[in-house]
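# Breakdown of the fold
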Amino acid sequence: LDPGYVPARESLAALWLGMGRTQEAAIVLQQGLARTPDEPRLIMLYARTLLAQGKIADAITSLQASPPAIKDYPDYHAMLAALLQQDGQHREAASLYQALVVLNPDAGLWWLGLGVSEEKQGRHDQARAAYQRAGASGALSAQMMRYARQRLTAIAH
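Below is a summary of the structure that appears in this document. (Residues numbered from 1 in each chain as written. Predicted model: local features only at pLDDT ≥ 70, side-chain atom pairs only at ≥ 80, totals over all residues. Heavy atoms only, no water.)

### Structural notes on the overall build of the chain
The criterion, for reference: By definition, any uninterrupted DSSP run of H or I lasting at least four residues is a helix, any uninterrupted run of E lasting at least two residues is a strand, and each is numbered from the N terminus. Note on exposure labels: buried denotes an accessible area under 20% of the residue type's maximum, exposed denotes more than 50%, and partly exposed covers the range between, all computed with a 1.4 Å probe on protein chains only. Contacts were defined at the residue level, with two residues in contact if any of their heavy atoms lie within 4.5 Å.
Each helix and strand in the chain was counted, giving 9 helices and 0 strands. A principal-axis box enclosing the C-alpha atoms of the chain has dimensions of 60 × 30 × 25 Å. With 157 residues in all, the chain has 39% of them scored as buried. Pairs at least 24 residues apart make up 45% of the contacts formed inside the chain by residues separated by at least 6 positions.

### What to know about the nonpolar core
How we decide: For the purposes of this section, nonpolar cores are sets of buried Ala, Val, Leu, Ile, Met, Phe, Trp, Tyr and Cys residues that join through side-chain atoms within 4.5 Å.
Ranked by internal contacts, the top residues of the largest apolar core, which has 45 residues, are L63, L83, Y97, W110 and L114. When residues of this core are assigned to their parent elements, the largest contribution, 7 residues, is made by helix α5 (residues 74–86). Apart from residues lying up to four places away in sequence, Y97 is in contact with A78, A81, A82, Q85, W110, G113 and L114.

### A few points about the environment of E24
The residue E24 is located in helix α2 (residues 22–35) in this model. Judged by relative accessible area, E24 falls into the partly exposed class, the value being 27%. Residues E24 and T49, 25 residues apart in the sequence, show an inter-C-alpha distance of 9.6 Å.

### Points about the pattern of salt bridges
Our working definition: Note on definitions: salt bridges are taken to be side-chain nitrogens of Lys or Arg within 4 Å of carboxyl oxygens of Asp or Glu.
Applying the stated criterion to the full structure yields 8 salt bridges. Between E118 and R123 there is a salt bridge, with its nearest N and O atoms 2.5 Å apart. Salt bridges linked by common partners bring E10, E39 and R41 together as one network.

### Here's the deal with helix α1 (residues 6–18)
For an α-helix the count is 3.6 residues per turn, leaving residues at separations of three or four pointing the same way. Note the following rule: Multiply 1.5 Å by the residue count of a helix minus one, and that product is the helix's expected span.
Spanning 13 residues, α1 covers 18 Å between terminal C-alpha atoms, matching the ideal 18 Å at 1.5 Å per step. Turning to α1, the residues buried within the fold contact α2 and α3 (40–52). Just past α1, the residue G20 takes up positive phi, approximately 80°.

Remember that the coordinates give geometry; whether it matters functionally is a separate question.
Here it is in structure tokens:
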């Protein structure tokens, strides 16, 4: 009835994704993006669809095409940072994580992501500080806390 109604398209695509039907989700999202190419929620879902198909480079490209302001959609940028990190683009990922933790200094997961990318770049002092902030945030799961402690121990030597 209303092809431009983003919430309905978003829900349908999420249902298709949840059922493992990535092709159907991709079609719904591509049609939506043809109407509203700068809609962050659709772009994020489309990136998830691409990721489910093993297309990490395409997912990154889709997120980088027209990113919204970081203050308006921090989760969009966190997703991009995580994908960049997964793709080995640690300098770019660290830059995004740094902007994200400035925006929300209590986001332990973002501090953890920053620590990983700093460590991968050989920047152990910065990684150590980020891992410590992640642990001090009180916002990490027990598994993530263990990981942060393990990384702190590993780079202490």
